[in-house]
Amino acid sequence: MTREDDKHRGDDHVSRRGFFAPMIAALGVVALLEYIVVAADFLRPRRGRIRAAARDIVRAGPVDQFRPNSVTAFPEGRFYLARLADGGFLALARQCTHLGCTVPWDAPQKRFVCPCHSSAFDIRGEVLSPPAPRPLDLYEVRIENDIVKVDVSRSVRRHAFDASQVVRS
Amino acid sequence: MSSGERGDQRTSLAARIRRSLVRGPLLPRDDRQRKRIIIETLILHFRPVWVPAKTIRYTHTFGLGGMSLVLFLLLAATGILMLFVYEPSPDAAYGSIVALEEEIRFGPLVRGIHYWSANLLVIIMVLHMLRVYLTGGYLGPRQFNWVIGLTLLLFVLLSNLTGYLLPWDQLSYWATTIVLGMIGYLPLAGEPLAGAIRGGEQVGAATLVRFYAFHTTVGPLILISLMAWHFWRVRQARGVVIPRAPGEAHDERPDRVLMVPNLLLREFCLALVLIATVMVMSLFFTAPLGEAANPGMSPNPARAPWYFAGFQELLMHFHPVFAVLVIPALAVIGLLFIPYVRYERDTSGIFMMSVQGRRLGLIAVLGAGIITPFLIVADEYWIDFSAWLPGASPMLSEGLVPAALAAILPAAVYITLRRARRVANNEAIQAMVIVLMTAFAVLTAAGAFFRGPGMALAWPWSL
């Protein structure tokens, strides 16, 4: 069949080739998209999905073990447990909110100082000096029977410190 | 039965096997045989058969593209060897590199060659890009090859970055953490993207496997495909751009010489010199290996690899959205569209476009080379927009305002030059591109060599 034949059949007619070519092209696109979806599934972080059921709870210790106005490091749980002057608890992620370096607690200066770009945070995780754009992330603290427990399965972002973040016994 | 088959029966087995492999003579004696060899050999047929005689002069191209290929081959050869030793898991990776360094006879040499080739490759490719830009090689039929070349550079950077993590020492662990932190700043897609690359909340086993897969499979595959395309398009454009003096017309029928042996022999000599240089470098300067990665302790200072130090330096001066998205995106878009601007003159083949273009270019290099360090120091010690503009959002005071002020410099160059009657848009754009490239080179040097503890400015010799 020639192109001339197609014309005689009117504008609404689609030739067999004209019908199949875009369909085959579309199928090719679909195949490509399928591959991308499969690849995305391979790349998705697995840790969260598997552990969401059995949540990671770190048993930090009895409430009285932590003095007010002190910070205790939990390297295994990758967090700091801060007890504020009023006795409230905060579990602070140890990753700097700027570029993800690990921030050490400087006890004499009473501040976290990032070694990478010298961002500084106070005991509540609030930014004392930039470039860090927001306070240190938090983990959920629970106090059950005077035992402090921290849920490290998921960190929570915040834009500023407020009193509701503090957990009291 | 044909005469050929009858002839086979009389020749030896070895001769018959050889003839089944290569039909012609192994060493060509005349131009007809040489031409045949170029066309019939798989590797050689990627190259042009005839090349313009003027283009094989060394100082026209400095052989930078060919050098990049040689470095890639060195990387492949040494990388394949290391694949047999390396174990891509956080527990075993560092130990396997130590074993490579201490127990395998030529281990340090092989790793050294890989390390130096990778770093040289970035430098040589940037110089190659500069050469193509300054000789107008991105114009005319070679426009899209400029785009392929930029893509090659992108994938070489990604390959370098992914390879950087594999030794799993303090240096590589924290450099990767910082680069992924930079990606996390991209608006909307940043955190999911960084998470997908990292495979978890922090750099760990999943990150290592991902980087290993990219570095050893995806990256090389893409690079080989793009290289074949890149070389093939050079052939389609009948070789590289032909050099000409300012004011000289295009030579419609340039003298051409056969690629074999004229160009190939020159390239072969250059390859030998380059390989010798890399060997000597690797013998005297071993590839660095720090202490094993410790996710609990960041070293001070923690830096991105030097080829990303320019972006890290931008991050010291601009709001993250500007430092990792707006400015790099504008730069990449600008580079991609360089060949597609409507230029007033055809300057292909003329080094820096014209005598005037050379003069303006020199002023641009010197100007940007002096002003950029001054701006870096000024921003470090005196400029503080967030204090001067109290109440403004950080996006404004640390992003838009400083970025707009920094853009004044190249914009002023362009506008001033366009006002001057005898400057074509080619020359004005070239001056602006040179200003921006110089500024970025200064930023890279500042981030790589002039940042001490706490990322404060410091002299390299005091670190």
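None of these values were measured; they are calculated from a predicted model. (Residues numbered from 1 in each chain as written. Chains lettered and ligands numbered in written order. Predicted model: local features only at pLDDT ≥ 70, side-chain atom pairs only at ≥ 80, totals over all residues. Heavy atoms only, no water.)

### Structural notes on the overall build of chain B
Piece 1. Across its full length, chain B holds 18 helices and two strands.
Piece 2. For the C-alpha atoms alone, the extent of chain B along its principal axes is close to 95 × 65 × 40 Å.
Piece 3. Across the 463 residues in chain B, those meeting the buried criterion constitute 44%.
Piece 4. The long-range share in chain B, meaning contacts at least 24 apart out of those at least 6 apart in sequence, stands at 77%.
Piece 5. Only carbon and sulfur atoms are counted for the fraction: they give 69% of the accessible area of chain B, which is about 24300 Å².
Piece 6. Positive and negative side-chain charges in chain B, numbering 37 and 27 respectively, have mean positions lying 16 Å apart. (Helix = DSSP H or I, 4+ residues; strand = E, 2+ residues; numbered from the N terminus. Buried < 20%, exposed > 50% of the residue type's maximum accessible area, 1.4 Å probe, protein only. Contact = heavy atoms within 4.5 Å. Areas by Shrake-Rupley, 256 points an atom, 1.4 Å probe, with all protein chains shown as cover. Lys, Arg positive; Asp, Glu negative; His and termini not counted. Charge placed at Lys NZ, Arg CZ, Asp CG, Glu CD.)

### Some remarks on the overall build of chain A
Piece 1. If you tally the helices and strands in chain A, you get three helices and 10 strands.
Piece 2. For chain A, the N- to C-terminal ordering of α and β elements is α-α-α-β-β-β-β-β-β-β-β-β-β.
Piece 3. For chain A, buried positions account for 37% of its 169 residues.
Piece 4. Pairs at least 24 apart in sequence give 46% of the contacts found in chain A among residues at least 6 apart.
Piece 5. When the accessible surface of chain A is totalled, it reaches about 10500 Å², and 55% of it is carbon and sulfur.

### Digging into the sheet that holds strand β3 (residues 79-83) of chain A
Residues and elements named next belong to chain A.
Piece 1. With antiparallel pairing, the six strands of this open sheet are ordered in space as β1-β10-β9-β4-β3-β2. Looking at which strands have only one partner, the edges of the open sheet turn out to be β1 (57-62) and β2 (70-74). Ignoring strand direction, the axes of neighbouring strands in this sheet form an average angle of 25°.
Piece 2. Bridge count for strand β4 (residues 89-93) against strand β9 (residues 138-144) is two bridges, and the pairing is antiparallel. When the bridges of β9 are listed, leucine 92 appears paired with leucine 138. (Pairing = 2+ DSSP bridges. Axes fitted to C-alpha atoms, helices over the stretch in contact; angles between N-to-C directions.)

### Quick word on the packing of aromatic side chains
Piece 1. The final tally for this structure, using the stated rule, is 24 aromatic pairs over all chains.
Piece 2. Geometrically, the ring pair formed by tyrosine 115 of chain B and tryptophan 116 of chain B is edge-to-face, given 5.1 Å between the ring centres and 80° between the ring planes.
Piece 3. Joined through ring pairs, the aromatic side chains of Trp306, Tyr307, Phe308, Phe311 and Phe440 of chain B make up one cluster.
Piece 4. Cation over ring: arginine 124 of chain A sits above phenylalanine 161 of chain A, and NZ or CZ is 4.6 Å from the ring centre. (Phe/Tyr/Trp six-rings, centres within 6.5 Å; stacked < 30°, edge-to-face > 60°. Lys NZ or Arg CZ within 6 Å of the ring centre and 35° of its normal.)

### Considerations on the pairing of β9 of chain A
All names here are of chain A.
Piece 1. In this structure, β9 lies alongside strand β10 (residues 147-156), joined through six bridges in antiparallel fashion. Within β10, the residue paired with valine 141 across the bridge is valine 150.
Piece 2. Counting the residues that bridge the hairpin from β9 to β10 gives two residues, and of these asparagine 145 lies at a positive phi of roughly 50°.

### Here's the deal with the confidence of the model for chain B
Detailed reading of the predicted model is not advised wherever pLDDT is low.
All names here are of chain B.
Piece 1. When pLDDT is averaged across chain B, the result is 89; 98% of the residues are at 70 or more.
Piece 2. The least confident element of chain B is helix α1 (residues 3-10), whose mean pLDDT is 55; the most confident is helix α8 (residues 143-165), at 96.
Piece 3. This complex was scored by the predictor with a pTM of 0.86 and an ipTM of 0.71. (pLDDT = per-residue confidence, 0-100.)

### Considering the interface of chain B and chain A
Piece 1. Taken together, the contact pairs 27 residues of chain B with 24 residues of chain A.
Piece 2. Between chain B and chain A, the buried area comes to about 1900 Å², and carbon and sulfur atoms account for 51% of it.
Piece 3. On inspection of chain B and its partner chain A, the count reaches one salt bridge.
Piece 4. Among the salt bridges present, the one from glutamate 191 of chain B reaches arginine 157 of chain A, with a minimum N-O distance of 3.3 Å.
Piece 5. One can count six residue pairs in polar contact (both at pLDDT 80 or more) joining chain B with chain A.
Piece 6. Put simply, the parts of the chain that give the side of chain B that touches chain A at least two residues each are α9 (170-184), α10 (190-198) and α13 (309-317) of chain B.
Piece 7. For the side of chain B that touches chain A, the element with the most residues is α9 of chain B, which contributes five residues.
Piece 8. Looking at the side of chain B that touches chain A, its residues break down into 13 nonpolar, 11 polar and three charged. (Buried area = accessible area lost by both parts, 1.4 Å probe. Salt bridge = Lys/Arg side-chain N within 4 Å of Asp/Glu carboxyl O. Polar contact = N/O pair within 3.5 Å; in protein donor to acceptor, adjacent residues only side chain to side chain. Nonpolar A, V, L, I, M, F, W, Y, C, P; charged D, E, K, R; others polar.)

### Let's talk about the nonpolar core
Piece 1. Phe112 of chain A together with Tyr138 of chain B are the most contacted members of the largest nonpolar core, which has 103 residues in total.
Piece 2. Among the elements that make up this core, the one with the highest residue count is helix α7 (residues 107-134) of chain B (13 residues).
Piece 3. When neighbours within four sequence positions are excluded, phenylalanine 112 of chain A is seen to be in contact with Val71, Tyr80, Leu92, Val103, Pro104, Trp105, Ser119, Ala120, Phe121, Asp122, Ile123 and Leu136 of chain A.
Piece 4. Judged by nonpolar contacts, the second largest core, of 14 residues, contains Leu81, Ala91, Ala93 and Tyr139 of chain A. (Core = buried A, V, L, I, M, F, W, Y, C linked by side-chain atoms within 4.5 Å.)

### Considerations on the packing of α9 of chain B against α10 of chain B
Residue and element names in this part refer to chain B.
Piece 1. For the pair α9 and α10, interaxial distance at closest approach is 7 Å and the crossing angle is 150°. Judged on the interaxial angle alone, α10 and α9 are roughly antiparallel. Only Gly190, Glu191, Leu193, Ala194, Ile197 and Arg198 of α10 make contact with α9, whose side of the interface consists of Leu180, Gly181, Ile183 and Gly184. (Parallel < 35°, antiparallel > 145°, perpendicular 65-115°, else oblique.)

### Here's the deal with the sheet that holds strand β7 (residues 120-121) of chain A
Sheet strands associate in pairs through backbone hydrogen bonding, adopting either a parallel or an antiparallel arrangement.
All names here are of chain A.
Piece 1. Strand order in the open sheet formed by four strands is β5-β6-β7-β8, and the pairing between neighbours is antiparallel. Across the chains shown, the open sheet's two edge strands, defined by having one partner strand only, are β5 (105-106) and β8 (127-129).
Piece 2. Across two bridges, β5 lies against strand β6 (residues 111-113) in antiparallel orientation. Residue pairing for β6: aspartate 106 is matched across the bridge by arginine 111.

### Some details on the side chain of serine 68 of chain B
Piece 1. Residue position: serine 68 of chain B is located in helix α5 (residues 64-83).
Piece 2. Excluding its chain neighbours within four sequence positions, the residues that come into contact with serine 68 of chain B are Leu121, Ile124 and Met125 of chain B.

### Remarks on helix α14 (residues 320-337) of chain B
In an α-helix, one turn spans 3.6 residues; hence positions three or four apart end up facing the same way.
Residue and element names in this part refer to chain B.
Piece 1. For α14, spanning 18 residues, the distance from its first C-alpha to its last is 25 Å, which sits close to the expected 26 Å at 1.5 Å a residue.
Piece 2. Remark: the principal bend of α14, roughly 25°, maps to proline 328.
Piece 3. Along α14, the residues classified as buried are Pro320, Val321, Phe322, Ala323, Val324 and Pro328.
Piece 4. On the buried face of α14, the contacting elements are α9, α13 and α17 (394-419). (Expected span 1.5 Å × (residues − 1). Bend = angle between axes of the 7 residues up to and from the residue.)

### Digging into a nonpolar patch on the surface
Piece 1. Together, Phe268, Leu272, Ile275, Met279, Val280, Leu283, Phe284 and Phe285 of chain B give the surface a local cluster of nonpolar side chains, amounting to about 830 Å² of exposed area.
Piece 2. Residue placement: leucine 283 of chain B occurs in helix α12 (residues 259-284). (Patch = residues over 30% accessible without salt bridge, like charges linked within 9 Å, V, L, I, M, F, W, Y side chains within 5 Å.)

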